[in-house]
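# Summary of structural features
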Amino acid sequence: MPADTTDANAAATGGPADSQGEPEPAVTASTTEREPTDSSPTDGAGSSGPASGLAGRPVALTAPSGIDRSAHHRLDEAWLAAAWSHPTTRCFVVSGGQVLIDETPDGRTELVTTPSFEAPLTEAHRYFLGTDDDGVRYFALQRDALPGRMDQSARPAGLREAGLLLSDRDAGLMVHAVALENWQRLHRFCSRCGGKTVIAAAGHVRRCPKCGAEHYPRTDPAVIMAVTDDDDRILLGRQVHWPEGRFSTLAGFVEPGESIEAAVRREVFEEAGVVVGDVSYVASQPWPFPSSLMLGFMAHATTTHTEVDGEEISEARWFSRDELTAAFASGEVLPPFGISIAARLIETWYGRPLPTRGA
Ligand SMILES: [Zn+2]
C-alpha cells in the first residue's frame, strides 16, 4: 500500500483508510529541512552504511525533545491531579492540529503555554505529555477551537510551520499532542463492539465501557528512501497530483506482515520499476497526519531503468548532484519543503544544504 503524500514528505500516495482529512506526510518525496548545516558530500551516497552526516544533526521532529514522557504516571489519578495543580505546570491548547505560537523578544519562536491553574479543569480532553529537564510538567488541552486571543502577537500554526520554528522541546510537545488529538478524533468508537469509547490514561488510551476493550494510539509505519545508483545519482519521483517540478524521494506504507526492508524494495519497484539491493536505516520522523511514522532509509539500486506505475508516480528521474543543482537553479525542480525527513535524506546524499522553502 502506497503511502500518501499530498504533502511535505513524499512522493507516495494512498494511505491508511482513516487518513481522511489531513494530508499524509510523505511518503515519498519531498520535504525539507530545518536548518541544514554542513555535511560531507559522500554521506549516505551509495549503498552502505547509515548516513553518518545525520549524526548530531537533528532533523525537524526527530531530535530528542528533552521531555520525559513519564508514562508510568498516566494511570495515577492522584499524581495527575497534583501535577495539574502544581504552580509550575504548563498547558497549551491543541485544536485541529494547531497550537498557538509566538515570537520572543530575542527572536525565537515558542509554543504559547499558560500555567495550568489558570486553565479550566477539563479532564475529558486533557493529555499529559511529560516532564522536562527542569521538572516542569506539560499538559495539552484538546478543544474545539483555539483561544480567541492570548498574547496579542500569538498566532495559530500547524505542525508544518511550527515544526520549523519551534525548539526541539516545543516541537516534541506539539507533535505528541497533535498525534494524540488525531487519534482521539478518529477512534471515538470501539473497533470490537461499536460502543462509544471514553478517554483514559491521560489521553493515551480509549476504553470501551460496553465490552471492556482498551484501545491504544495507533502509529502507521511508512518507509521513505533515498535511492542511489552505482554512479552516485539519486532517484526522485513526482506524484501524479503534484505540480510540475516537484520531486521527492519515494515512499510508502509498510503492509501487514511485511518487514520494513521488504517495504523499501517493494515500494521502489512498484513505483519506479527499479530494483533495490542494500538498504540502510537512517532516521525516523513522527508525522501525525494523522498517524504516520516515517522510517528513513538510504537504498542502493541494482538496476537503473525506470518504469513508473502511472497511478502514484507520474515521473521518476535520476539526478547527479550537478544536474540537481542546475535543476534547482533553473526552476526545473522545486526546492523541497522544510520540515520533512525527505529533504534530509536528499541532503545527506547531496552533501550540502539544499535550497528549501517553507511549509
Ligand atoms: Zn467495545
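Residue positions are counted from 1 within each chain, in the order its sequence is given. Local features in this predicted model are restricted to residues of pLDDT 70 or higher, and side-chain atom pairs are both shown and tallied only at a pLDDT of 80 or more, whereas totals for entire chains, interfaces and linings draw on every residue.

Our next topic: the nonpolar core. Take the buried Ala, Val, Leu, Ile, Met, Phe, Trp, Tyr and Cys residues, join any whose C-beta atoms are within 7 Å, and the set you get is a nonpolar core. Once C-beta atoms are placed from the backbone, each residue is buried if 20 or more other C-beta atoms lie within 10 Å of its own, exposed if 12 or fewer, and partly exposed for counts between those two. Counting residues in hydrophobic clusters, the biggest one holds 79 residues, and the most contacted among them are Val99, Met174, Val223, Ile224, Met225, Val227 and Ala299. It is helix α3 (residues 168–186) that provides the largest number of residues to this core, a total of nine residues. Helix and strand assignments follow DSSP, with helices taken as H or I runs no shorter than four residues and strands as E runs no shorter than two, numbered in order from the N terminus.

This paragraph deals with the sheet that holds strand β3 (residues 99–103). Pairing is antiparallel in the open sheet, where three strands are placed in the order β4-β3-β8. The open sheet is flanked by β4 (109–111) and β8 (155–157), the only strands paired with a single partner. The sheet shows a mean angle of 45° between the axes of neighbouring strands, direction not considered. When DSSP finds two or more bridges between two strands, those strands count as paired. As defined by bridge partners, β3 adjoins β4 across three bridges and the pair is classed as antiparallel. Note on definitions: angles span 0 to 180 degrees between N-to-C directions of axes, and those axes are lines fitted to C-alpha atoms, for helices only across the stretch in contact.

Turning our attention to the pairing of strand β6 (residues 126–132). Sheet topology places strand β1 (residues 67–68) next to β6; two bridges connect them, and they run antiparallel. Bridged to Asp68 within β6 is Thr131. Hairpin connection from β6 to strand β7 (residues 137–142): four residues lie between these consecutive antiparallel strands, with Gly135 at a positive phi of about 85°.

With antiparallel pairing, three strands are arranged side by side in an open sheet as β9-β10-β11. Of all the strands in the sheet, the pair left with one neighbour each is β9 (198–200) and β11 (214–215). For strand β10 (residues 205–207) and β11, the ladder comprises two bridges, and the chain directions are antiparallel. The partner of Arg206 across the bridge, within β11, is His215.

This part is about unusual backbone geometry. Cis geometry marks the peptide bond from Phe289 to Pro290; its omega dihedral reads 5°. As for its position among the elements, Pro290 is in the loop between β15 (276–287) and β16 (292–301). Even without glycine at this site, Ser70 takes up a positive phi of about 50°. The topology assignment puts Ser70 in the loop between β1 and α1 (77–85). On the basis of neighbour counts, which here come to 17 C-beta atoms within 10 Å, the residue Ser70 falls in the partly exposed class. Phi is positive for Ala202, which is not a glycine, with a value near 50°.

Examined against the element boundaries, Asp170 turns out to sit in helix α3. A C-alpha to C-alpha distance of 9.4 Å links Asp170 and Thr109, two positions 61 residues apart in sequence. What Asp170 contacts, discounting residues up to four positions off in sequence, is Glu110 and Leu111. By the convention adopted here, residues make contact when the C-beta atoms placed from their backbones lie within 7 Å.

Turning our attention to the confidence of the model for the protein chain. The predictor attaches a confidence to each residue, and that confidence, scored 0 to 100, is pLDDT. Mean pLDDT over the protein chain stands at 83; residues scoring 70 or higher make up 80%. Below a pLDDT of 50 lies the segment residues 1–8, which in the model reaches 59 contacts outside its immediate sequence neighbourhood of four places, other chains included.

A word on the pairing of strand β13 (residues 234–239). The buried fraction of β13 amounts to six of the six residues, a majority that puts the element mostly inside the structure. Of the two faces of β13, the one lined by Ile234, Leu236 and Arg238 and the one lined by Leu235, Gly237 and Gln239 are each fully buried. One ladder, built from two bridges, connects strand β12 (residues 220–228) with β13; its direction is antiparallel. Paired with Thr228 across the bridge in β13 is Ile234. Remark: five residues form the turn of the hairpin made by β12 and β13, two consecutive strands paired antiparallel; Asp232 in that turn has positive phi of roughly 60°.

With respect to the helices, strands and loops of the structure, Ser167 is situated in the loop between α2 (159–165) and α3. Residue classification places Ser167 among the partly exposed positions, given that 15 C-beta atoms sit within 10 Å. Once the C-alpha coordinates of Ser167 and Glu110 are considered, the two residues, 57 residues apart in sequence, prove to be 7.0 Å apart.

A separate point is helix α4 (residues 260–272). For α4, built from 13 residues, the straight-helix expectation of 18 Å at 1.5 Å per residue is met to within 8% by its first-to-last C-alpha distance of 18 Å. For α4, every residue scored as buried is listed here: Ala263, Val264, Glu267, Val268, Glu271 and Ala272. The buried residues of α4 occupy one face: seen down the axis, they fall within an arc of 125°. Where α4 is buried, its residues touch β12, β13, β14 (250–253), β15, β16 and β17 (313–319). In the segment just after α4, Gly273 is the residue with positive phi, at about 75°. Here the expected span of a helix is defined as 1.5 Å times the quantity of residues minus one. Working note: the arc is built from the helix axis to C-beta atom directions.

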